[in-house]
Amino acid sequence: MTRYTHGQHPTVTDSYRWRNAENSAAYALDRMVPGRSLLDVGCGPGSITADLARRVAPGRVTAVDASAEAVELARASAREAGADNIEFRVGDVHDLDLPDDAFDVVHAHQVLQHVADPVRALAEMRRVARPGGVVAACDSDYSGMYWYPRLPELDAWMDLYQRVARANGGEPDAGRRMASWAREAGFEDVTYVAEVWNHSSPERRAWWGGMWSRRILESDMGRQAVAEGHATREELERISAGWTTWSQDPDGVFVVPRGAILCRA
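Residues numbered from 1 in each chain as written. Predicted model: local features only at pLDDT ≥ 70, side-chain atom pairs only at ≥ 80, totals over all residues. Heavy atoms only, no water.

The protein chain has the name Methyltransferase type 11 in an unreviewed UniProt entry, where Nocardiopsis dassonvillei is given as its organism.

**Q** Requested: an account of the overall build of the protein chain, with residues and values cited.
**A** The helix and strand tally for the protein chain stands at ten helices and eight strands. At 18 Å, the protein chain has a C-alpha radius of gyration in line with the 18 Å of a compact globule built from 265 residues. Judged by the C-alpha coordinates and their principal axes, the protein chain covers about 50 × 35 × 30 Å. The buried share of the protein chain, reckoned over its 265 residues, is 57%. Within the protein chain, contacts between residues separated by at least 24 positions form 78% of all contacts whose residues are at least 6 apart in sequence. Looking at charge distribution, the protein chain has the averaged site of its 30 positive side-chain charges lying 2 Å from that of its 39 negative ones. (Helix = DSSP H or I, 4+ residues; strand = E, 2+ residues; numbered from the N terminus. Rg over C-alpha atoms; globule rule 2.2 N^0.38 Å. Buried < 20%, exposed > 50% of the residue type's maximum accessible area, 1.4 Å probe, protein only. Contact = heavy atoms within 4.5 Å. Lys, Arg positive; Asp, Glu negative; His and termini not counted. Charge placed at Lys NZ, Arg CZ, Asp CG, Glu CD.)

**Q** I'd like a rundown of the pattern of salt bridges, residues and numbers included.
**A** On inspection of all chains with the given rule, the structure shows 19 salt bridges. Its salt-bridge partner being glutamate 72, residue arginine 75 comes within 2.4 Å of it at the nearest N-O pair. Of this pair, arginine 75 and glutamate 72 both sit in helix 4 (residues 68-81), three residues apart, which is roughly one turn of that helix. On the accessibility criterion, arginine 75 (28% relative accessible area) is partly exposed. Between glutamate 195 and arginine 258 there is a salt bridge whose closest N-O contact spans 3.2 Å. Here glutamate 195, found in strand 7 (residues 189-198), pairs with arginine 258, found in strand 8 (residues 253-264); they are 63 residues apart in sequence, far enough to count as distant. According to the relative accessible area criterion, glutamate 195 is buried, its value standing at 17%. One salt-bridge network, held together by shared partners, links Arg166, Glu171, Asp173 and Arg177. (Salt bridge = Lys/Arg side-chain N within 4 Å of Asp/Glu carboxyl O.)

**Q** Describe in detail the UniProt feature "domain: Methyltransferase" (unreviewed entry) in the protein chain, supporting the description with residues and values.
**A** In the numbering used here, UniProt assigns the feature "domain: Methyltransferase" (unreviewed entry) to residues 36-162. Here residues 36-162 is 36% helix and 28% strand, with 37 Å between the C-alpha atoms at its ends. (UniProt positions renumbered as here; feature names shortened; annotations may be inferred.)

**Q** Can you tell me about the nonpolar core, naming the residues and giving the values?
**A** Residues Leu39, Val106, Leu112, Leu122, Met125 and Ile261 are the most contacted members of the largest nonpolar core, which totals 31 residues. Of all the secondary structure elements, the ones that give two or more residues to this core are strand 1 (38-41), strand 4 (103-109), helix 5 (118-128), strand 5 (129-140), helix 7 (178-184) and strand 8. Of all the elements, helix 5 adds the most residues to this core, at five residues. If near-sequence neighbours (up to four positions away) are discounted, valine 106 is found in contact with Leu39, Val41, Met125, Val128, Ala129, Val134, Val135 and Ala136. In this structure, Leu29, Ala53, Ala83 and Phe88 belong to the second largest nonpolar core, which totals 27 residues. (Core = buried A, V, L, I, M, F, W, Y, C linked by side-chain atoms within 4.5 Å.)

**Q** So what's going on with the environment of serine 240? Which residues, and what values?
**A** Along the chain, the position of serine 240 falls in helix 10 (residues 233-247). Taking C-alpha positions, serine 240 is 22 Å from alanine 167, a pair spaced 73 residues apart along the chain. Each residue touching serine 240, except ones within four places of it in the same chain, is listed here: Ser213, Ile216 and Leu217.

**Q** Give a detailed account of the packing of aromatic side chains, specifying residues and quantitative values.
**A** Centre distance and the angle of the planes are the two values used to describe a pair of aromatic rings. Evaluated as defined, the whole model comprises 16 aromatic pairs. Taking 5.9 Å as the distance between ring centres and 35° as the angle between the ring planes, the aromatic pair formed by tryptophan 207 and tryptophan 208 counts as tilted. By relative accessible area, which is 10% here, tryptophan 208 ends up buried. Pairing tryptophan 212 with tryptophan 243 gives two aromatic rings, centres 6.1 Å apart and planes at 15°, and the pair type is stacked. Highlighted residues: tryptophan 212 in helix 8 (residues 202-218) and tryptophan 243 in helix 10, separated in sequence by 31 residues. Taken together through their ring pairs, the aromatic side chains of Trp18, Tyr142, Trp147, Trp157, Tyr161, Trp197, Trp207, Trp208, Trp212, Trp243, Trp246 and Phe254 make up a single cluster. One residue, arginine 126, lies across the ring of phenylalanine 187, its end atom 5.8 Å from the ring centre. Note that arginine 215 overlies the ring of tryptophan 212, its terminal NZ or CZ placed 4.5 Å from the centroid. (Phe/Tyr/Trp six-rings, centres within 6.5 Å; stacked < 30°, edge-to-face > 60°. Lys NZ or Arg CZ within 6 Å of the ring centre and 35° of its normal.)

**Q** Could you give an account of helix 5, with specific residues and numbers?
**A** Of the residues making up helix 5, those classed as buried are Pro118, Val119, Ala121, Leu122, Glu124, Met125 and Val128. On its buried side, helix 5 packs onto strand 1, strand 4, strand 5, helix 7 and strand 8.

The following block contains the structure:
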């Protein structure tokens, strides 16, 4: 596994709780029908997992994450949501401790950009999917993100994120590479879907900009950036202030493109 660039700081995990099936897995929802078995790889704090579990119930869900801390957060999310059809495990997507042909649907959200070998990860997801089942995966594409106004502080944020993520062995521009990775992993029936997150309304700007203004200073990414010489604390503070400036601009726009694949096993 690579080092997870964002880490498990509350500025990270709390922001993930906004994610649900509708805003993060819409491309695959017609596959999430009652009675189907589901593997959710890289479940994080579990908000998407719990939502999908309600959709496939009484089907069973297995949720896996490399972080034991994330798995505990996901368990708590499931209890809060009343989702009692989920089994949680700590595991590595490169080597899943699960049998062949075990799941109707295998789902991964914002995972492949962070792993050491996305092709091997997809091959493992293919292995545990039943013949005729589906592997559904979605990742953002950092170089494709756009925003307005074009503040130099946000340009610096993008440059820094790319450098830190790549130093950790990740691929921040995963969204555009999903279909090619899937074919390398042995899939022949691959459908590519483009989706976006739009953080441009006043409410979304306040949330997105406020979150990043804190995350760049407090999360593992910021600490690593300083510790490994990618940035100084002063540079992080300038980036943080830039996020605040952007979030308060009534003309502010921020769009996150996301590439998704539906792969027939």
